[in-house]
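# Fold and contact review
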Amino acid sequence: MITSHLIVLLILLLPSTGQAYLDPGTGSMLIQGVVAAVALAAVTLKHYWYRLLRFFGRSKENPEDEAENSKQRSEEAPD
Amino acid sequence: MTRLNRFPSGADASSFRDPAGYVFVFDNILYRQVNEKAEAEYRGFVDCGLYQCLVDKQWLIEHIEVQDPRGRTGSGCILQPRELPYISYPYEWSFQQLKDAALLTLSVQRMALQYGYSLKDASAFNVQFDGCSPIFIDTLSFERYQDGKPWVAYRQFCQHFLAPLAVAAHKEHRLRKLALAYIDGIPLDLASKLLPGKTWLHYSLLSHLHLHARAQAHYADHSADKSSKARKNVGILPKAHLLALLESLEAAVRKQHPASFDTEWKNYYDRTNYSSRAASHKAELLETFLGKVTGTIRLIQDLGSNNGHYSRVAAKYGAYVVSQDVDANAVDSNYRHLTQHGPKNILPLELDLTTPSPAVGWANSERMSFADRCGADVILALALIHHLAISNNLPLDEVAIFFAERCRWLIIEFVPKDDSQTERLMSARTDIFSEYNETGFESAFERSFRIHEKIAIEATHRTLYLMESRLERQANNN
């Protein structure tokens, strides 16, 4: 997570250069790797955080897991 | 539906970007050509079950495979998709419609990945509205997913969906009209500049828009060689990461809510001069007139629908109703009402009739103008004429000709000068509208229409007319 934040910080510090249009796709390809890694790390951390809370009896379920489960339930249900 | 804008090759002018195929019209029927080199990809998409799964969920337009109506043989295959009654564009959708179109695109992409496919583009123009349900229309947008490959449409998704939603939510709702100026989506550097500083603290906007724009700008100045090296360094994006990216985009989209905006019509029905008696009489008259219309009613266009109250009355006749209004809040409220309570055969859209959508894109042909698309069996112009004639100084006979060329039947409400709403419009103006009275209105419209009936609306000074056009249809719908 800290590494991911450092990467985000590094990109943040990239100089915002010029208006020229050469290859706008390269930046998009690179940033999505970083954003995806952070997103995955966040999902994983949240998952373990809620498991920890559940272990100590503080919370029943990760609300996102719950949402995901209900989404799966609705997708499984016949239309 | 016939489409007016075509290239000399016969291909529809809106479908030249993708080498996999194109759309064309033959004998007033819409077809999609799948080019030979893309046929294997298309067959795979159908054979793996993804096509049927998306169609079953009503996420993708269904089609049948047919013989080439032009008689050509041996080059790919021909699809005949179900035609939608009315084509709309993202710059005509309300905030919630754009949001739902974004969420549909992400759902389609997630489902595609489950079947080993991926969307190769994420343009908002790939989505249409079938009534108030968004539906993906580009059957050739699916390519086989290569494990580890980043999502090639990520930039386009951010430009077409997240950027306009964020700018409208955090800055000003009218900025969604930027989509008209930038048909490949709002450039991310522009979105980043427009968004207020506090959005740098929203992680989803920071990452998908602000940092994304920075990264684009950084690599835009690199030489082709350096960019190519940088691309090699992109490395692989494992599927789990890609799914996390889609989750993150979905969360970002869901977090966007329209800023509260006061609009002209927000409390229209609270401060209108309508009594409930007048409103119910007007609805009764509308039903009576619709009952007297001869011929099939397939499409009704309500060109000043406000929150869609009378569109819903008209929809009882089974026709598809396009319910259009200038007020963003009224359209959003109409859409939300319809998605929750139905009926589903009404398409709400934003329309400023005094400045409707122009034709845009290559050769001004890619996206049709409103004037080219406007056309219905019945046009409703309720509580509209005073806005056109008084607020916008439009001569009545010009209004009559515009309508007469685009419908068979017109149900129009005349709102006289002594109506309190018209008085409000004229309160700060010199009265230059000597012809604006019932006689002037009838004489202007009689040149283009045959007036079948006129009935005064109870408890108002207004009159409702049923008219039949004398002119030939110019529009391209139906």
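Residues numbered from 1 in each chain as written. Chains lettered and ligands numbered in written order. Predicted model: local features only at pLDDT ≥ 70, side-chain atom pairs only at ≥ 80, totals over all residues. Heavy atoms only, no water.

### Examining a nonpolar patch on the surface
Judged by side-chain polarity, Trp49, Leu52, Phe55 and Phe56 of chain A come together as a nonpolar surface patch covering roughly 530 Å² of accessible area. By the element assignment, Phe56 of chain A lies in the loop between helix H2 (24–55) and helix H3 (63–76). (Patch = residues over 30% accessible without salt bridge, like charges linked within 9 Å, V, L, I, M, F, W, Y side chains within 5 Å. Areas by Shrake-Rupley, 256 points an atom, 1.4 Å probe, with all protein chains shown as cover. Salt bridge = Lys/Arg side-chain N within 4 Å of Asp/Glu carboxyl O. Helix = DSSP H or I, 4+ residues; strand = E, 2+ residues; numbered from the N terminus.)

### Re the nonpolar core
In terms of nonpolar packing, the biggest core is built from 136 residues, with Phe142, Trp151, Phe403, Leu410, Ile411, Ile412 and Phe445 of chain B touching the most fellow members. Judged by nonpolar contacts, the second largest core, of eight residues, contains Ile87, Tyr89, Tyr91 and Val360 of chain B. (Core = buried A, V, L, I, M, F, W, Y, C linked by side-chain atoms within 4.5 Å. Buried < 20%, exposed > 50% of the residue type's maximum accessible area, 1.4 Å probe, protein only.)

### With respect to the confidence of the model for chain A
Residue and element names in this part refer to chain A. Per-residue confidence for chain A gives a mean pLDDT of 63, with 43% of residues at or over 70. Note that residues 9–24 has pLDDT below 50 and, in this model, 32 contacts with residues that lie over four places away or in other chains. Scored below 50 in pLDDT, residues 67–79 makes eight contacts in the model with residues more than four places away or belonging to other chains. (pLDDT = per-residue confidence, 0-100. Contact = heavy atoms within 4.5 Å.)

### A few points about helix H7 (residues 203–220) of chain B
Given 3.6 residues per turn, any residue in an α-helix points the same way as the ones three and four places further on. Residues and elements named next belong to chain B. Helix length check: H7, at 18 residues, gives a terminal C-alpha distance of 24 Å against a target of 26 Å (1.5 Å per residue), a fit within 8%. Along its length, H7 shows its largest kink, about 30°, at His212. Across the 18 residues of H7, 16 count as buried, placing the element largely inside the fold. (Expected span 1.5 Å × (residues − 1). Bend = angle between axes of the 7 residues up to and from the residue.)

### Here we look at the pattern of salt bridges
Residue and element names in this part refer to chain B. Following the criterion strictly, the structure yields 30 salt bridges over all chains and no others. Note that Asp184 and Arg155 form a salt bridge whose closest N and O atoms lie 3.8 Å from each other. With Asp184 in the loop between helix H5 (178–181) and helix H6 (188–194) and Arg155 in helix H4 (residues 154–170), the pair connects residues that are 29 residues apart, well separated along the chain. Residue Arg155 is classed as partly exposed on the basis of its relative accessible area of 22%. Arg406 is the partner of Glu405 in a salt bridge, and the nearest nitrogen-oxygen pair spans 3.6 Å. Given the relative accessible area of 9%, Arg406 is considered buried. A cluster of three or more residues bridged by salt bridges with shared partners is formed by Arg110, Glu247, Glu250 and Arg254.

### Things to note about the sheet that holds strand E10 (residues 320–325) of chain B
Strands belonging to one sheet form pairs held by backbone hydrogen bonds; the direction of such a pair is parallel or antiparallel. All names here are of chain B. Strands sit in the order E11-E10-E9-E12-E13-E15-E14 across an open sheet of seven strands; the sheet is mixed. For this open sheet the edge positions go to strand E11 (346–350) and strand E14 (449–456), each flanked by a neighbour on one side alone. Shown here is a sheet whose adjacent strand axes are inclined to one another by a mean of 15°, direction ignored. Bridge analysis of strand E12 (residues 376–381) against strand E13 (residues 407–414) gives five bridges, and the strand direction is parallel. (Pairing = 2+ DSSP bridges. Axes fitted to C-alpha atoms, helices over the stretch in contact; angles between N-to-C directions.)

### Things to note about the sheet that holds strand E4 (residues 77–81) of chain B
Residues and elements named next belong to chain B. Here we have four strands laid out as an open sheet, ordered E1-E2-E4-E3, and antiparallel in their pairing. Two strands in the sheet have a free side with no partner beyond their single neighbour: strand E1 (21–26) and strand E3 (63–66). When the angles between neighbouring strand axes are averaged without regard to direction, this sheet yields 35°. Across four bridges, E3 lies against E4 in antiparallel orientation. Paired with Ile64 across the strands is Gln80, a residue of E4.

### Focus: the environment of Pro343 of chain B
Residue position: Pro343 of chain B is located in the loop between helix H13 (328–341) and E11. Residues Pro343 of chain B and Arg312 of chain B lie 31 residues apart in sequence; the distance between their C-alpha atoms is 7.4 Å.

### Considering the pairing of strand E7 (residues 133–136) of chain B
Residues and elements named next belong to chain B. Pairing geometry for strand E6 (residues 127–130) and E7, over four bridges, is antiparallel. Bridge pairing in E7 links Phe129 to Pro134. The turn linking E6 back onto E7 is made up of two residues, and Gly131 within it adopts a positive phi angle of 65°.

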